[in-house]
Amino acid sequence: GQNIDQPTEMTATEGAIVQINCTYQTSGFNGLFWYQQHAGEAPTFLSYNVLDGLEEKGRFSSFLSRSKGYSYLLLKELQMKDSASYLCAVRDFTGGGNKLTFGTGTQLKVEL
Amino acid sequence: KAGVTQTPRYLIKTRGQQVTLSCSPISGHRSVSWYQQTPGQGLQFLFEYFSETQRNKGNFPGRFSGRQFSNSRSEMNVSTLELGDSALYLCASSLDGGYTFGSGTRLTVV
C-alpha cells in the first residue's frame, strides 16, 4: 500500500524560509506533487517532481529523492498569505490508471 | 479558459437518501478523478475516469459510484447516505498528468 508522512503543523516568521518534508512508501511511483490549500478552498498546484533533484518556481522550490522516498517543499520570503495547508501527493500508476495518494497535510502558520 | 466546475457547491441530505454530484472538467481534459476530503482522513481517492471508462477505484464501499459521459463530464453518486459521508467532495481534471481541482461540493448528511 501507500504511506505518506508529513508534519502536522509548522510555524514560521514572515520573511523567513521554511522547509516542509514529506516521506513516502509506494509502488508504481509516477511523480510527486505539492498543493496548497486554504481553508474552504480547492487545492492549488504548486510543484511537480518526477525525476530526482530540485525544481524551482519563484518563491517555491521542491526537491525529490526517489531512492530515499523523500521530498521537501521550500518556501522563501514567507508572506502572511502563505498560511495554509500544504499537501504532498504521490501519483501511482496502478490498476490500469493513475491515482493521487495524499498526505494528511502540513498546516503552516506564518506569524509577524 | 474555464476551470473545473463542480455543482452543487453545498448540499444537505438526510441519512438514507442518495445524492448525485457533477463535475465538468477543463475543456480538452479527458481524465476526471474524484476525492473525498474529511478532517480526520484528509484527501482520499475515490475513482478515476478516462474516456468514459473507470480506470482506477479507491477503497470505498459500493455505495459510491460514478460515471463519465462522452463530453468528459462526470458524475458521482452516493446511495444510502450515512453521517460519515459528510465531507468535501473534490474532482480533478487532468491532461498529461497535471491535476486541476474544482472548488468541491460540501455534502452534509443529517
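See the structure above.
Residues numbered from 1 in each chain as written. Chains lettered and ligands numbered in written order. Predicted model: local features only at pLDDT ≥ 70, side-chain atom pairs only at ≥ 80, totals over all residues. Heavy atoms only, no water.

### Quick notes on the sheet that holds strand 6 (residues 53-57) of chain A
Residue and element names in this part refer to chain A. Spatially, 1-3-8-7-6 is the arrangement adopted by the five strands of the open sheet, whose pairing is antiparallel. The open sheet has two edge strands, strand 1 (3-5) and strand 6, and neither has a second partner. Averaged over neighbouring strand pairs, the angle between their axes works out to 15° when direction is ignored. Judged from the five bridges that link them, strand 6 and strand 7 (residues 60-65) form a sheet pairing that is antiparallel. Residue pairing for strand 7: E56 is matched across the bridge by S61. (Pairing = 2+ DSSP bridges. Helix = DSSP H or I, 4+ residues; strand = E, 2+ residues; numbered from the N terminus. Axes fitted to C-alpha atoms, helices over the stretch in contact; angles between N-to-C directions.)

### Observations regarding the state of the cysteines
Counted according to the given criterion, the structure contains two disulfides over all chains. Paired by a disulfide, C22(A) and C88(A) hold their sulfur atoms 2.0 Å apart. Its S-S torsion of approximately -65° makes the covalent link between C22(A) and C88(A) left-handed. Of this pair, C22(A) sits in strand 3 (residues 18-25) while C88(A) sits in strand 9 (residues 84-94); the two residues are 66 residues apart in sequence, bridging distant segments of the chain. Accessibility classification places C22(A) together with C88(A) in one group, the buried group. With a sulfur-sulfur separation of 1.8 Å, C23(B) is cross-linked through a disulfide to C91(B). With the S-S bond torsion at 50°, the cross-link from C23(B) to C91(B) turns out right-handed. With C23(B) in strand 3 (residues 19-24) and C91(B) in strand 9 (residues 87-95), this pair connects stretches of sequence that are 68 residues apart. Relative accessible area serves as the criterion here: at 0%, C23(B) is assigned to the buried category. Relative accessible area serves as the criterion here: at 0%, C91(B) is assigned to the buried category. (Disulfide = S-S within 2.5 Å. Buried < 20%, exposed > 50% of the residue type's maximum accessible area, 1.4 Å probe, protein only.)

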